[in-house]
Structure formats: structure tokens, C-alpha cells
Amino acid sequence: GAGCYYSMQYYKQAGRFSTTPQVGDQIFFYDSDGDIGHTGLVYAVSDSYVYTIEGNTSGDMCKQNIYVVGEYDIAGYGVYAGT
């Protein structure tokens with residue numbers, strides 16, 4: 001998408017937006033202003049954690065991150081429609 005907000009809206013309009021993470025989903029984050037400002041890909045999920053790969057992290061690099069499921073700055077997930 002042309003930006004995080006527009007990508008999230010695509011998933012919502014397609015009925016493929018969720019608050020429950022699954023491997024392959026696109027994760028969306030709120031920024032400090034409450035807008036959708038960052039995104040990544042979910043590569044693993046446990047009962048308590050979601051594991052991501054994100055670009056533009058820590059100065060223009062890709063990085064693996066771990067978040068508590070339901071963390072306040074996670075806006076939701078665009079559900080992967082794989083085959």
C-alpha cells in the first residue's frame with residue numbers, strides 16, 4: 001500500500017482485519033500521535049507473544065521484534081489470505 005493507514009484500510013474493507021495474530025499477517029502499530037504509523041510481518045505467535053520482522057526500525061534496518069499479544073500500541077492485523 002501507499003502507507004500504513006491505507007494498507008490497514010484495505011484489509012478492513014476486504015473483511016480481513018483481526019485483533020488476533022496469525023503467522024503471515026501484516027501487523028499495524030499506532031504511533032505516538034495515535035495514528036497508524038508502522039507495520040511489519042508476523043512470523044511466529046505463542047500464547048503470550050507475537051514475533052515480527054519490521055523494516056525502518058532503529059535507523060533504516062530490518063529487525064526482529066517481540067511484543068506481548070494485546071500490547072497497547074498494536075492496532076491489529078491484516079489477515080494473510082494464502083493458498
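Before any of the text, the structure's been laid out above.
Because the structure is a prediction, the values reported are computed rather than measured. (Residues numbered from 1 in each chain as written. Predicted model: local features only at pLDDT ≥ 70, side-chain atom pairs only at ≥ 80, totals over all residues. Heavy atoms only, no water.)

Caption draft 1: The overall build of the chain, seen in detail. Along its length, the chain carries 1 helix and 6 strands. Mapped from its N terminus to its C terminus, the chain presents α and β elements in the order α-β-β-β-β-β-β. Here the C-alpha radius of gyration of the chain, 12 Å, is about what a compact globule of 83 residues would show, namely 12 Å. Expressed as a percentage of its 83 residues, the buried residues of the chain come to 34%. Put simply, of all contacts in the chain between residues at least 6 apart along the chain, 39% involve residues at least 24 apart. (Helix = DSSP H or I, 4+ residues; strand = E, 2+ residues; numbered from the N terminus. Rg over C-alpha atoms; globule rule 2.2 N^0.38 Å. Buried < 20%, exposed > 50% of the residue type's maximum accessible area, 1.4 Å probe, protein only. Contact = heavy atoms within 4.5 Å.)

Caption draft 2: Local environment of the nonpolar core. Counting residues in hydrophobic clusters, the biggest one holds 7 residues: Ile27, Phe29, Val42, Val50, Tyr67, Ile74 and Tyr77. Sorting the residues of this core by element identifies strand 2 (26-30) and strand 6 (74-78) as the ones contributing at least two each. Those residues in contact with Val50 that sit more than four places away from it in its chain are Pro21, Ile27, Val42, Ala44, Val45, Asn65, Ile66, Tyr67, Val69, Ile74 and Tyr77. Residues Cys4, Tyr11, Ile36 and Ala75 belong to the second largest nonpolar core, which totals 6 residues. (Core = buried A, V, L, I, M, F, W, Y, C linked by side-chain atoms within 4.5 Å.)

Caption draft 3: Up close: the sheet that holds strand 1 (residues 17-18). Read from one edge of the open sheet, 6 strands run 1-6-2-3-4-5, paired in antiparallel fashion. The open sheet has two free edges, formed respectively by strand 1 and strand 5 (61-68), since each of these has just one partner strand. Sheet topology places strand 2 next to strand 3 (residues 36-45); 5 bridges connect them, and they run antiparallel. Considered in strand 3, the bridge of Ile27 is made with Gly40. (Pairing = 2+ DSSP bridges.)

Caption draft 4: Main features of the packing of aromatic side chains. For the structure on display, the rule yields 6 aromatic pairs. A ring pair is formed by Phe29 and Tyr67, whose centres lie 4.9 Å apart and whose planes are at 50 degrees; its orientation type is tilted. Of this pair, Phe29 sits in strand 2 while Tyr67 sits in strand 5, placing them 38 residues apart in sequence. Within the aromatic cluster, the residues linked to one another by ring pairs are Tyr10, Tyr11, Phe17 and Phe28. (Phe/Tyr/Trp six-rings, centres within 6.5 Å; stacked < 30°, edge-to-face > 60°.)

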